[in-house]
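# Working through the structure, step by step
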Protein chains: 2
Amino acid sequence: MSEFRKDPLSDHWVIIAPNRAERPEQFGLGSLERSTGRCPFCRGHEADTPAQTAAYSATGRLIDQGPWQVRVIPNKFPAVENVREQRPEQRDFFRSRHGVGVHEVIIECPDHVTAFSHLSDQQISLVFQAYRDRMAYWRGDPRLAYAQIFKNSGASAGASLEHAHSQLIATPVVPTQIENELVRSADYFQQHGRCVFCEMIRRELADPIRLVEQTEQFVAFCPFASQFPYETWILPRQHGSHFEFTEDGRLVGLAVMLRKILGRMEHLLNDPGFNYLIHTAPFGSTHLSHYHWHVEILPRVSNTAGFEWGAGDYINMVTPEQAAHVLRFGREPDGRQT
Amino acid sequence: MSEFRKDPLSDHWVIIAPNRAERPEQFGLGSLERSTGRCPFCRGHEADTPAQTAAYSATGRLIDQGPWQVRVIPNKFPAVENVREQRPEQRDFFRSRHGVGVHEVIIECPDHVTAFSHLSDQQISLVFQAYRDRMAYWRGDPRLAYAQIFKNSGASAGASLEHAHSQLIATPVVPTQIENELVRSADYFQQHGRCVFCEMIRRELADPIRLVEQTEQFVAFCPFASQFPYETWILPRQHGSHFEFTEDGRLVGLAVMLRKILGRMEHLLNDPGFNYLIHTAPFGSTHLSHYHWHVEILPRVSNTAGFEWGAGDYINMVTPEQAAHVLRFGREPDGRQT
């Protein structure tokens, strides 16, 4: 049985999820199930997975059967349990509550494609449409406060199956990181009367030393205090707090930019494992002037070690300015080809 | 040039350390320099490293020359720079300051031993004596606010050389994690009139379901909200906020317990990579009633993935109760041998 726990000292939630230990890659650091066997995510193998919760046609229509292009299923080894909360929250010295929630897998394509950047722009748009629609769907569930969308690609990034896929974990608690961002961005708004993310975009465009890419709709840059080498954020230029309210047209623009950047990382950084994730405002609100949804891309080119775990702070060996230069121009600032 | 950075949104410091990118394992996720070449940490190869800052004889005496048992050197690829601060802190929209600090390597033995648990109790006591002495030494440096001691063992834990060693990074900023623990433990003290760590020890002993080991001096348990499978903390029973004030006798007791636990992890968990680290109070104080130094051991048996990076919260697939049972009795609670 899954459980959320918080110790008296920490501000972090932990999800204790013993069921998940039965996953294929149990304790196999870096072992990715290779494609030698039968892939449960390929079209035609639907019976190998739990029944789908949604499937999309090539035009983005929800379909019950027929040739799907994107398929959403419950995770077979969920971190949280999709049931009614079975006991009240305990707020003793040790704080805990039942690990209720939803854990879905978004299968990003019907064929056995393993590199995200090999998907077409249209296909990636469909994937983002599925993200948005599942988030909008779970928003209506009174048990849930937040949905975290994320992708693990490559064994170093925590993936256990190679067929392109991403995940959604929706929980009754707002994740610590989001809670922190909400508090700090609200503080900033109160002090300065504007969104801190909008201000960040303005500054990164005014002095584009960390700029990676820009269109009319989106801006991508390596953030000033990047925790990881080549960490890149994509933000919509137009202020919006909730990803689930994004229109189709913008999702296409996001897909095009994301694929471009991931393609460059693959090419320039020797095909690294990577994670991307969407940060958005919690379900309990409809419009926040101080929060701004965005996508964070984290290539896994370095290891996290004792200092980081102990300090909670990161050592990044590549300046964001250099990283942005490489991702923008395909070479080091000194002209060396990477 | 190293730099501490904080973005307007985050409460985390990042150390931007471009010099460190020249280290042997640059971007080699999981590549550990094997012992085929000449090991710079072995006794007799002192000329391969920067000049030592301290060396200890078998009896724990500081020596200038002769056969050392533990040797401390500046890190050849430091994350921070041991110089005078060369520019004032910037507290603009983007906050930054010069990355001043100290980065040392503690070589834990003269011979080419790679497994920490193969060191003798006496040798590990010497290592902890070196930790304490270096911390006490840097405490006197007005530039510095905190020293983080940590060990990376195995490639998965971020080690780049296999000869047993650990590290010290001292900085002018208090790490985020420590700052959080200080704030929360002070809150607890104010509300309840006692140290939250002392209370934790009392509870873990009263209902020993997460207890791993206990002696008259120390208690080891898997914390209630463990972030990682088999995460184990060692705390001194007697309240003390600053590790650097620990007497020799206690260091021996700590060494014995640590070696025992790491030996069991090695045996029971298939020789995992691991980190351990010391959490202690900052230099700017001498005695805090609310803070309690401790050692955290983090075996690296699972990968951190998109959910964790996005949420800031961890999914742990092994309950702390089960982990403690395995580490205490050498088998699963249901009687299966591991």
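Residues numbered from 1 in each chain as written. Chains lettered and ligands numbered in written order. Predicted model: local features only at pLDDT ≥ 70, side-chain atom pairs only at ≥ 80, totals over all residues.

### A look at the overall build of chain A
Applied cut-off: Only DSSP runs of H or I with at least four residues qualify as helices, and only runs of E with at least two residues qualify as strands; both kinds are numbered from the N terminus onward. C-alpha atoms define the radius of gyration, and 2.2 Å times the number of residues to the power 0.38 defines the globule rule. Residue burial is a threshold on neighbouring C-beta atoms within 10 Å of the residue's own C-beta, all placed from the backbone, with 20 or more meaning buried, 12 or fewer meaning exposed, and counts in between meaning partly exposed. Contact criterion: two residues are in contact if their C-beta atoms, reconstructed from the backbone, are within 7 Å.
When you go through chain A residue by residue, the secondary structure sums to six helices and 15 strands. Rg of the C-alpha trace for chain A: 20 Å, near the compact-globule value of 20 Å for 338 residues, within the 12% margin. Expressed as lengths along the three principal axes of its C-alpha atoms, the size of chain A is roughly 55 × 50 × 40 Å. Among the 338 residues that make up chain A, the fraction classed as buried is 51%. Counted over contacts in chain A with a minimum sequence separation of 6, partners at least 24 positions apart contribute 69%.

### A few points about the packing of helix 1 (residues 121-139) of chain B against helix 4 (residues 248-268) of chain B
Residues and elements named next belong to chain B. Applied cut-off: Axis definition: a line fitted to C-alpha atoms, limited for helices to the stretch in contact. Angles are taken between N-to-C directions and run from 0 to 180 degrees. Under this scheme an angle from 65 to 115 degrees is roughly perpendicular, one under 35 degrees roughly parallel, and one over 145 degrees roughly antiparallel; angles in between are oblique. A crossing counts as left-handed when the near helix is turned anticlockwise from the far one by less than a right angle, and as right-handed when that turn is clockwise. For this classification, Asp, Glu, Lys and Arg are treated as charged, while Ala, Val, Leu, Ile, Met, Phe, Trp, Tyr, Cys and Pro are nonpolar and the rest, including Gly, are polar.
Between helix 1 and helix 4, the least distance of the axes is 8 Å, while the angle of their chain directions is 125°. Comparing their axes, helix 4 and helix 1 come out oblique. For the element pair helix 1 and helix 4, the recorded crossing hand is right-handed. Residues Asp121, Ile124, Ser125, Phe128, Gln129 and Arg132 of helix 1 touch helix 4, and the partners they reach there are Asp248, Leu251, Val252, Leu254, Ala255, Val256, Leu258 and Arg259. For the contact of helix 1 with helix 4, the class distribution of residues is eight nonpolar, two polar and four charged.

### Quick notes on the domain arrangement of chain A
By convention, interface size is frequently given as the accessible area that disappears when the constituent parts associate. All names here are of chain A. Applied cut-off: Each domain span listed reflects an automatic or database assignment of domains.
On domain assignment, one finds that chain A holds domain 1 (3-176) and domain 2 (178-329). In this structure, domain 1 and domain 2 have C-alpha centres spaced 22 Å apart. For the side of domain 1 that touches domain 2, the secondary-structure elements that each account for two or more residues are helix 1 (121-139) and strand 8 (146-153). Residue contributions to the side of domain 1 that touches domain 2 peak at 10 residues, all from helix 1.

### A look at the interface of chain A and chain B
Short version of the rule: Two strands qualify as a pair provided DSSP detects at least 2 bridges between them.
Taken together, the contacts link 70 residues of chain A with 70 residues of chain B. With seven residues, the single largest contributor to the side of chain A that touches chain B is helix 2 (residues 176-192) of chain A. Its residues assigned to classes, the side of chain A that touches chain B comprises 35 nonpolar, 23 polar and 12 charged. Summarising the sheet, strand 2 (residues 14-16) of chain A and strand 15 (residues 314-316) of chain B pair through three bridges and their orientation is parallel. The partner of Ile15 of chain A across the bridge, within strand 15 of chain B, is Ile315 of chain B.

### Overview of the environment of Phe128 of chain A
Residue and element names in this part refer to chain A. With respect to the helices, strands and loops of the structure, Phe128 is situated in helix 1. Accessibility expressed as a C-beta count within 10 Å gives 24 for Phe128, which makes it buried. Through-space distance from the C-alpha of Phe128 to that of Phe243 is 10.0 Å; in sequence the pair is 115 residues apart. Ignoring any residue separated from it by four or fewer positions in sequence, one finds Phe128 in contact with Leu251, Leu254 and Ala255.

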